[in-house]
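# Breakdown of the fold
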Amino acid sequence: MWKWLVGGLVAWIGLRLLAPEPVPTFDDEQHVPLELPGRTVFVHGIEFFIREDGPEDAPPLVLVHGWGDDTMAIFPRLIPLLSTDHRVIAVDNRNHGKTDHVRGRYDITTMADDLDGVLDRLGVRDATVFGFSMGGMIAQSLARRHPDRVGRLALSGTAADIPLLTDRLSPLARIGLTLVRAAERVTRTEVSWVRIRYLTHVGAVAPENARWYYSAHQNRDPDLYWLSADAMSRFDARPWIGDLDVPVMVIVTTRDQLMSPTWQWDLAARRPDAVVHRLDARHEAPLTHADELAAHLREFAAATPGADGSVDTDQAAAASEAAERSGGDTDEAAS
């Protein structure tokens, strides 16, 4: 039995190392998820890729993506919904997407400082910052280290820490990540194909966008992917998340298969003043439930902070409704 397994493994490795890379075929006419050109800025000697949409003088809304993805992969449906009355800014984190890939260990705080530098280059302060998954950890750290950048903090599919990477199960989780990294060092073909099949099956990716997503996953560097997980394993906002002097909204993805809802509820509980919403979604929520996320974000961004840092969501809802009726007129929305 073991001889067959070892022989099969050796044959698979040999095939992937020596044979041409297999290229899957896609039935539908293929397109990119969102035709939104980007530009770059330099921060800390690194070239960061950003995409912007919406009126330049509109209130800024910053989208921070998660682990292993980039802005085009996770936010293509959300950006057009928010850019009617916001200046939407989406940045590819270091080692993700079209931003430079930099070798060496780093932390969530490193990525928060990166984002601060990008926003400084863009002249953005007091923004509504939405962080999803690992992006939520970056957003929390940004609000702590650079509070002038964050006027409102919106979080979803994220946590104050990840017990799976920090508790007694940590060795098993690290072994699993190491094995995935080892396999992807040989080839990313199988993992990429399984991922795209899953995303199209659940409706997160349209069939006509499958080739772009497959290629994006193939271009991911397995070593840098692992370093991001390593950074998340050292992140712990529990001692200070309750002290942030900023309005907070937490959108809990209640069927999340990657970021446990228990961890998300723990995050919300540490901010008794937070606006909390349930979203009946899995971890693909920005792709499968973009309308609901956009509605919550527009309402929260329009809210008026109280003296205790909480927000009046009733007033925000009225402002959001007014903006929709006026076709995204920001002056009427603020009135």
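Below or above, wherever it landed, is the structure these notes cover. Computed from a prediction, not measured in an experiment: that's the story for all the values here.

Attention shifts here to helix α11 (residues 261-269). Within α11, the full set of buried residues consists of Pro261, Trp263, Gln264, Leu267 and Ala268. Along the long axis of α11, the arc covered by the buried residues comes to 160 degrees, so they all point the same way. Residues of α11 that are exposed and point over 90 degrees away from its buried face: Thr262 and Ala269.

Here we come to the nonpolar core. Of all hydrophobic cores here, the largest spans 51 residues; its most connected members are Val62, Ile108, Leu115, Val118, Val129, Ile138 and Leu153. In this view, Ile108 contacts Met134, Met137, Ile138, Ser141, Ala231, Met232 and Phe235; residues no more than four positions away in its chain are not counted. Of all hydrophobic cores here, the second largest spans 35 residues; its members include Met72, Ala73, Ala285 and Ala290.

Attention now moves to the pairing of strand β1 (residues 38-43). Regular strands show a simple pattern: their side chains alternate between the two faces of the sheet. In the sheet, β1 pairs with strand β2 (residues 46-53) via 6 bridges, with the strands oriented antiparallel. Bridging across to β2, Val43 finds its partner in Ile46. With antiparallel pairing between neighbouring strands as the criterion, β1 and β2 make up a hairpin whose turn holds 2 residues, including His44 at a positive phi of roughly 55 degrees.

Turning our eyes to something else, we now look at empty space enclosed by the protein. Enumeration over the complete set of coordinates arrives at 3 cavities of 30 Å³ or more. In this structure, the largest cavity occupies an estimated 50 Å³ of space. Lining the largest cavity are Trp67, Leu177, Val180, Arg181, Glu184, Pro222, Tyr225 and Trp226. Counting only elements with at least two residues in the lining of the largest cavity, the list comes to α7 (170-186) and α10 (222-233). Take the lining of the largest cavity: its biggest share by element is 4 residues, from α7. Partitioned by chemical class, the residues of the lining of the largest cavity number 6 nonpolar, no polar and 2 charged. The calculated volume of the second largest cavity comes to roughly 40 Å³.

As judged from the 4 bridges shared by β2 and strand β4 (residues 87-91), these two strands associate in the antiparallel manner. Considered in β4, the bridge of Asp53 is made with Val88.

A cluster of nonpolar side chains, Met1, Trp2 and Leu5, forms an exposed patch at the surface whose accessible area comes to about 450 Å². In this fold, Trp2 is placed in helix α1 (residues 2-18). Judged by relative accessible area, Trp2 falls into the exposed class, the value being 68%.

What follows concerns helix α5 (residues 134-145). End to end, α5 covers 17 Å across 12 residues, agreeing with the expected 16 Å (1.5 Å per residue, within 8%). Buried within α5 we find Met134, Gly135, Gly136, Met137, Ile138, Ala139, Gln140, Ser141, Leu142 and Ala143.

Take the packing of helix α8 (residues 189-201) against helix α9 (residues 210-218) next. At a closest axis distance of 9 Å, the pairing of α8 and α9 adopts a crossing angle of 145 degrees. You can see that α8 and α9 cross each other, and the crossing is right-handed. Residues Thr189, Val191, Ser192, Trp193, Arg195, Ile196 and Thr200 of α8 form the contact with α9, whose participating residues are Ala210, Tyr213, Tyr214, His217 and Gln218.

It is worth spelling out the side chain of Thr253 at this point. Considering the arrangement of structural elements, one finds Thr253 in strand β7 (residues 248-253). Among the polar contacts listed, one links the side chain of Thr253 to the side chain of Asp256, at a separation of 2.8 Å. At 3.0 Å, the side chain of Thr253 and the side chain of Gln264 are in polar contact. Residues in contact with Thr253, not counting those within four places in the same chain, are Ser156, Gly157, Pro261, Gln264, Leu279, Ala281, Arg282 and Ala285.

Glancing now at the layout of surface pockets. Considered as a void within the structure, the largest pocket measures approximately 990 Å³ in volume. Taken together, 33 residues make up the lining of the largest pocket; nearest its centre are Trp67, Arg195, Tyr225, Leu258 and His283. For the lining of the largest pocket, the secondary structure elements donating two or more residues are α2 (71-74), α6 (163-166), α7, α8, α9 and α10. Classifying every residue of the lining of the largest pocket gives 21 nonpolar, 6 polar and 6 charged.

Cut-offs used in this document
- Residues numbered from 1 in each chain as written.
- Predicted model: local features only at pLDDT ≥ 70, side-chain atom pairs only at ≥ 80, totals over all residues.
- Heavy atoms only, no water.
- Buried < 20%, exposed > 50% of the residue type's maximum accessible area, 1.4 Å probe, protein only.
- Helix = DSSP H or I, 4+ residues; strand = E, 2+ residues; numbered from the N terminus.
- Arc of directions from axis to C-beta.
- Core = buried A, V, L, I, M, F, W, Y, C linked by side-chain atoms within 4.5 Å.
- Contact = heavy atoms within 4.5 Å.
- Pairing = 2+ DSSP bridges.
- 1 Å grid on protein atoms, 1.4 Å probe; cavity = no way out; pocket = protein on both sides within 12 Å on 5 of 7 lines; lining within 4 Å.
- Points joined across faces, edges and corners; volume = space filled by probe spheres on them.
- Nonpolar A, V, L, I, M, F, W, Y, C, P; charged D, E, K, R; others polar.
- Patch = residues over 30% accessible without salt bridge, like charges linked within 9 Å, V, L, I, M, F, W, Y side chains within 5 Å.
- Areas by Shrake-Rupley, 256 points an atom, 1.4 Å probe, with all protein chains shown as cover.
- Salt bridge = Lys/Arg side-chain N within 4 Å of Asp/Glu carboxyl O.
- Expected span 1.5 Å × (residues − 1).
- Axes fitted to C-alpha atoms, helices over the stretch in contact; angles between N-to-C directions.
- Left-handed = near helix turned anticlockwise from the far one by under 90°.
- Polar contact = N/O pair within 3.5 Å; in protein donor to acceptor, adjacent residues only side chain to side chain.

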